[in-house]
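Chain residues, written in single-letter form:
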Amino acid sequence: MTRQYLNVPALLREYGLQPKKSLGQNFLIDPNGLDKVMLAAGVRPQDTVLEIGAGLGSLTVLLAQAARQVVAVEIDRSLIAPLTKVLEPYQNVRIVEGDVLKLPLEDLLPEGEYLVAANIPYYISSAIIRRLLESKIRPSRVVLTVQQEVAERICARDGKLSLLALSVQVFGQPRVEAHIPAGCFYPVPDVDSAVLSITLYPQPLIALEELDDFFRLAHAGFSQKRKTLRNALSAGLGLPAGEMEALLLQAGIDARRRAETLGIPEWGRLTSVLKSGK
Ligand code: SAM
């Protein structure tokens, strides 16, 4: 099937609409950019795909042509009419008007098995990623266009794991799949983008029953990330510094290190040590 690419500016004019900055509306209009997302997503005919922020449907149309089922969420009521019109030829798309951060994913995707492909609004990209990865029903794979700098921070090739990188890498393997220049979007944003994929592990690297403690610990460590772990964690967890130092030692971690230098296994060891000391 030849791919169909929308004329987004013409559609906006037809419906008397202006892109809303407040909702992160930079529509992906360049066929090459859309093809890069599709290539990274690798959608198969048996797949169910969740799209977040369907906009006017430029990506939705391509997903509908490739997948068994597409669930397309869009928050902006004024886009629902043009989106419905664009998707009229496709019986396998369900449009859901709502906020992806509030909708219960398990109701949208009752079969539970799905992947995510989306050009997400950048002002909430971290919140969306965390919601997907921490949800009761986790996708098998997530493919998103995000700001280039955010994609690089998540992959942390320099070995420095930010809280966001940690929150992603505990669930899956992130990869920068492609670069998408700002000029591929309408209106043109200030920054370039990247296609980021996250292939989820069957189970998170930290045992499910320890995840809450793991995140509490990591938040405490990063809350004052310029401080040593000894000081940041004792302040964040409300423990005496001497006691924190002893716990770090027990986990085999130098108390003078900083949060961003720890890998996931070290955070995991420290979580277990703290838990067993409770
Ligand atoms: N997918 C379209 C495209 O590629 O042209 C639109 C992408 S645009 C970057 C992001 C879209 O997400 C906008 O249509 C915006 O209205 C929508 N959006 C913003 N916040 C949202 C939220 N909390 N839940 C669902 N959709 C949201």
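Up top is the structure these notes are about.
In this text, all values refer to a predicted model and were calculated from it rather than measured experimentally. Every chain is numbered independently, its residues counted from 1 as its sequence is written. At least 70 in pLDDT is required for a residue's local features to be given in this predicted model, at least 80 for side-chain atom pairs to be given and counted, and no such filter applies to totals for whole chains, interfaces and linings, which use all residues. Remark: hydrogens and water are excluded; side-chain values derive from all non-hydrogen atoms of the structure.

**Q** Teacher, can you tell me more about the overall build of the chain here?
**A** Strands here are runs of E lasting at least two residues and helices are runs of H or I lasting at least four, both read from the DSSP assignment and numbered beginning at the N terminus. Across its full length, the chain carries twelve helices and nine strands. The globule rule is 2.2 Å times the number of residues to the power 0.38, and the radius of gyration it is compared with is taken over C-alpha atoms. Here the C-alpha radius of gyration of the chain, 21 Å, is about what a compact globule of 278 residues would show, namely 19 Å. By principal-axis analysis of the C-alpha atoms, the chain measures approximately 65 × 40 × 30 Å. The Shrake-Rupley method, run with a 1.4 Å probe, gives the accessible areas here. Residue values count only the displayed protein chains as cover. As presented, the chain carries roughly 13200 Å² of accessible surface, and 51% of it is formed by carbon and sulfur atoms. Positive charges are assigned to Lys and Arg, negative charges to Asp and Glu, while His and the chain termini are left out of the count. Where a charge lies is defined by one atom per residue type: Lys uses NZ, Arg uses CZ, Asp uses CG and Glu uses CD. Distance between charge centres in the chain, computed from 31 positive and 30 negative side chains, equals 4 Å.

**Q** What am I meant to see in helix H9 (residues 211–223) here?
**A** One turn of an α-helix holds 3.6 residues; hence residues three or four places apart share an orientation. The terminal C-alpha atoms of H9, which comprises 13 residues, lie 18 Å apart, in line with the 18 Å expected from a rise of 1.5 Å per residue. Burial classes follow relative accessibility: with a 1.4 Å probe on protein chains only, a residue under 20% of its type's maximum area counts as buried, one over 50% as exposed, and anything between as partly exposed. Along H9, the residues classified as buried are Leu211, Asp213, Phe214, Phe215, Leu217, Ala218, Ala220, Gly221 and Phe222. Working rule for contacts: check all heavy atoms of both residues, and any pair within 4.5 Å makes them a contact. Against the buried residues of H9 lie helix H6 (125–134), helix H8 (163–169), helix H10 (229–237) and helix H12 (264–276). The length a helix should cover is 1.5 Å for every residue beyond the first.

**Q** Can you help me understand the state of the cysteines in this one?
**A** Disulfides are covalent bonds that link the sulfur atoms of two cysteine residues. When two cysteine sulfur atoms lie within 2.5 Å, the pair is treated as a disulfide. Under the criterion given, the structure shown has zero disulfides. We note that Cys155 lacks a disulfide partner, and the nearest cysteine sulfur, in Cys184, lies 19 Å from it. Accessibility expressed as a relative area gives 12% for Cys155, which makes it buried.

**Q** Sorry, what's going on with the site of the ligand here?
**A** Neighbouring residues of the ligand: 23 residues in total, closest Gln25, Gly53, Glu74, Asp99 and Asn119. In the model, an oxygen atom of the ligand is placed 3.5 Å from a nitrogen or oxygen of the Ser58 side chain. We define a polar contact as two N or O atoms separated by no more than 3.5 Å, with the added condition that, inside protein, one atom must be a possible hydrogen donor and the other a possible acceptor, whereas residues neighbouring each other in sequence contribute only through side-chain atom pairs. Here an oxygen atom of the ligand and a side-chain polar atom of Glu74 are 2.6 Å apart. Within the complex, the protein chains bury 99% of what would otherwise be the 600 Å² of accessible surface of the ligand. Here a residue is considered near a molecule or strand provided that any single heavy atom belonging to it is located within 4 Å of it.

**Q** Mind showing me how you'd approach the sheet that holds strand E3 (residues 69–74) here?
**A** Strand pairs in the sheet, formed through backbone hydrogen bonds, run parallel or antiparallel to each other. Note: two strands are recorded as paired if DSSP finds a minimum of 2 bridges between them. Here seven strands make up an open sheet; going across it, the order is E4-E3-E2-E5-E6-E9-E7 and the pairing mixed. With one partner strand each, in any of the chains shown, strand E4 (93–97) and strand E7 (172–180) form the two edges of the open sheet. The average angle at which neighbouring strand axes cross in this sheet is 20°, direction not considered. Summarising the sheet, strand E5 (residues 115–119) and strand E6 (residues 141–147) pair through five bridges and their orientation is parallel. Among the inter-strand pairings, Ala117 is bridged to a residue of E6, identified as Val143. Here an axis means a line fitted to C-alpha atoms, over the contact stretch when the element is a helix, while the angle between two N-to-C directions is reported on a 0 to 180 degree scale.

**Q** Got a minute to help me understand the nonpolar core in this structure?
**A** Within soluble globular proteins, side chains that are nonpolar tend to cluster in buried spots. Counting 64 residues, the largest nonpolar core has Leu50, Ile52, Leu132, Trp267 and Leu270 as the members making the most contacts within it. Of the residues forming this core, the biggest block, seven residues, is contributed by H9. Boundaries between domains were set according to an automatic or database domain assignment. In this structure, this core is formed jointly by two domains, domain 1 (8–200) and domain 2 (208–276), each of which donates at least three residues. Ranked by size, the runner-up nonpolar core spans 39 residues in total, among them Leu6, Leu17, Leu63 and Val93. Buried residues of nine kinds, namely Ala, Val, Leu, Ile, Met, Phe, Trp, Tyr and Cys, make up a nonpolar core once their side-chain atoms join them within 4.5 Å.

**Q** Sorry if this is basic, but what is going on with the pattern of salt bridges here?
**A** Pairing between side chains of opposite charge can happen when the charged atoms of each approach one another. One side-chain nitrogen of Lys or Arg within 4 Å of one carboxyl oxygen of Asp or Glu is enough to make a salt bridge. According to the stated counting rule, one finds 15 salt bridges in the structure shown. Across the salt bridge formed by Arg44 and Asp47, the nearest N and O atoms sit 2.9 Å from each other. Taking relative accessible area as the criterion, Asp47 reaches 7% and is therefore assigned buried. Residue Glu88 is joined to Lys85 by a salt bridge in which the shortest nitrogen-to-oxygen separation is 3.7 Å. Via salt bridges that share partners, Arg141, Arg175 and Glu177 belong to a single interconnected network.

**Q** Could you clarify how one ought to interpret H10 in this entry?
**A** Residues Leu229, Ala232, Leu233 and Ser234 constitute the buried set of H10. Those residues of H10 that are buried are in contact with H9, helix H11 (241–250) and H12. The positive-phi residue at the C-terminal boundary of H10 is Gly238, with phi of around 70°.

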